[in-house]
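# An overview of the molecular structure
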Amino acid sequence: GQRVYNPWAILNCFSDREFGSYWWSSGTPGMLLTMAEKLGRPDQDLEGIQVAEMALLFDIAQPELVPLLWQSGYLTLKVVANRVCTLGFPNAEVREAWFGMMLGYFCGGKTTAGQTAAALMLDALIRRVPEDFQRALTALFAAIPGELHGGREAFYHAVFVAALQAVGGEILAESRTDKGRSDAVIKTRETIYIVEFKLGTAEAALAQIRARRYFEPYLTDPRPVILLAAGGFAERNIRCLWEDLKK
């Protein structure tokens with residue numbers, strides 16, 4: 001059917017003459033944070049969730065996360081085929097606000113520090129300044145209480161993805177190729193980054209990108225490709241390596 005637009009967000013946008021998270025900030029139930037743990041998705045990405053039509057029915061006595069997100073407007077129907085519904089974020093506002101909320105959750109409530117580090121990381125990627133990126137990445141994880149780190153690559157990967165999504169970065173998590181799966185692909189207007197994280201050394205992460213040739217799908221893209229490896233998370237001594245791909 002026809003798309004329905006949120007009048008509260010539109011009226012505030014016209015009033016302030018800038019885009020903002022008007023609808024999201026008008027009321028986000030805290031219960032979503034605790035319920036999100038049951039998604040079974042380490043990065044808490046809601047895009048592409050598939051459910052049967054009947055599964056979207058909402059039981060107020062025993063609420064489940066996906067029907068609650070759909071009924072309340074945090075998710076929308078993208079495709080319906082053979083009674084299987086594919087859901088996703090309705091717009092950029094909700095996507096960025098959701099990941100901002102998850103970033104605060106990952107960071108033990110330190111939302112401001114996480115958002116600032118995320119914005120600085122994206123800025124460094126756009127400007128292609130490795131030292132600034134490493135400094136911002138280190139600041140992001142240094143702000144997270146030690147007991148929350150957990151010692152798993154999946155945790156660092158999830159925080160990194162949530163951070164860049166929260167500030168509007170174009171990032172594809174766990175990008176698949178015919179030879180494996182890179183941790184992330186980040187696209188800016190001028191550059192493509194192939195990203196790999198390791199608890200161990202950045203050298204090992206860079207070697208994996210080279211060996212599995214995660215960059216091959218972007219060989220025909222006119223933008224330069226940078227291999228971005230990050231390591232040292234196990235010892236809390238983050239180090240990044242950048243390598244320009246010679247196509």
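Residues numbered from 1 in each chain as written. Predicted model: local features only at pLDDT ≥ 70, side-chain atom pairs only at ≥ 80, totals over all residues. Heavy atoms only, no water.

### Description of the overall build of the chain
Of regular secondary structure, the chain possesses 9 helices and 8 strands. For the chain, with 247 residues in total, the buried portion stands at 45%. Counting every atom, the chain has about 13300 Å² of accessible surface; 53% of that belongs to carbon and sulfur. (Helix = DSSP H or I, 4+ residues; strand = E, 2+ residues; numbered from the N terminus. Buried < 20%, exposed > 50% of the residue type's maximum accessible area, 1.4 Å probe, protein only. Areas by Shrake-Rupley, 256 points an atom, 1.4 Å probe, with all protein chains shown as cover.)

### Some details on the nonpolar core
What tends to happen in soluble globular proteins is that the nonpolar side chains get buried as a cluster. Ranked by size, the top nonpolar core spans 63 residues in total, and within it Trp98, Met121, Phe133, Leu137, Leu140, Phe141 and Phe160 carry the most contacts. Apart from the residues lying within four places of it in its own chain, the contact partners of Leu140 are Leu103, Cys107, Gly114, Ala117, Met121, Val159 and Ala163. With 15 residues, the next largest nonpolar core counts Val185, Phe215, Val225 and Leu227 among its residues. (Core = buried A, V, L, I, M, F, W, Y, C linked by side-chain atoms within 4.5 Å. Contact = heavy atoms within 4.5 Å.)

### Considerations on unusual backbone geometry
The backbone of Glu174 sits at a positive phi, close to 50 degrees, despite the residue not being glycine. With respect to the helices and strands, the residue Glu174 is situated in strand 4 (residues 170-177). Residue Glu174 is classed as partly exposed on the basis of its relative accessible area, which comes to 36%. Even without glycine at this site, Arg236 takes up a positive phi of about 60 degrees.

### Some thoughts on the sheet that holds strand 6 (residues 192-197)
The strand order across the open sheet formed by 5 strands is 4-5-6-7-8, and the pairing between neighbours is mixed. Two strands bound the open sheet, and with one partner strand each, they are strand 4 and strand 8 (239-244). Between one strand and the next, the sheet's axes are offset by a mean angle of 25 degrees, whatever the strand orientation. As judged from the 7 bridges shared by strand 4 and strand 5 (residues 180-187), these two strands associate in the antiparallel manner. Counted as the bridge partner of Ser175 is Ser182 from strand 5. (Pairing = 2+ DSSP bridges. Axes fitted to C-alpha atoms, helices over the stretch in contact; angles between N-to-C directions.)

### Focus on the environment of Asp132
Relative to the helices and strands, Asp132 resides in helix 7 (residues 130-142). Measuring from C-alpha to C-alpha, the distance between Asp132 and Leu122 comes to 9.9 Å, with 10 residues separating the pair along the chain. Discounting chain neighbours no more than four positions away, the residues touching Asp132 are Ala124 and Arg127. Here the side chain of Asp132 touches Arg127 through a polar contact of 2.8 Å, side chain to side chain. (Polar contact = N/O pair within 3.5 Å; in protein donor to acceptor, adjacent residues only side chain to side chain.)

### Brief notes about helix 5 (residues 92-106)
Between its first and last C-alpha atoms helix 5 spans 21 Å; for 15 residues at 1.5 Å apiece the expected length is 21 Å, and the two agree. Across the 15 residues that make up helix 5, a large majority, 11, are buried. Listed in full, the buried residues belonging to helix 5 are Glu93, Val94, Ala97, Trp98, Phe99, Gly100, Met101, Met102, Leu103, Gly104 and Phe106. The opening residue of helix 5 is Asn91, an N-cap whose side-chain oxygen sits 3.2 Å from the backbone nitrogen of Glu93. (Expected span 1.5 Å × (residues − 1).)

### Some thoughts on the environment of Ala143
Among the structural elements, Ala143 can be located in the loop between helix 7 and helix 8 (153-166). According to the relative accessible area criterion, Ala143 is buried, its value standing at 15%. Placed 29 residues apart in sequence, Ala143 and Gly114 show a C-alpha to C-alpha distance of 7.3 Å.

### With respect to helix 9 (residues 202-212)
Within the sequence span of helix 9, burial applies to Ala202, Ala205, Leu206, Gln208 and Ile209. Seen end-on, helix 9 carries its buried residues on one side only, within an arc spanning 155 degrees. Next to the buried residues of helix 9 lie strand 6, strand 7 (225-231) and strand 8. Looking one or two places after helix 9, you find Arg213, whose phi comes out positive at around 50 degrees. (Arc of directions from axis to C-beta.)

### Comments concerning the pattern of salt bridges
Under the criterion given, the structure shown has 12 salt bridges. Residue Asp132 pairs with Arg135 through a salt bridge whose shortest N-O separation is 2.7 Å. Linking Asp132 with Arg135, this pair stays in helix 7, spanning 3 residues, or about one helical turn. One continuous salt-bridge network, built from bridges that share partners, spans Asp123, Arg127, Asp132 and Arg135. (Salt bridge = Lys/Arg side-chain N within 4 Å of Asp/Glu carboxyl O.)

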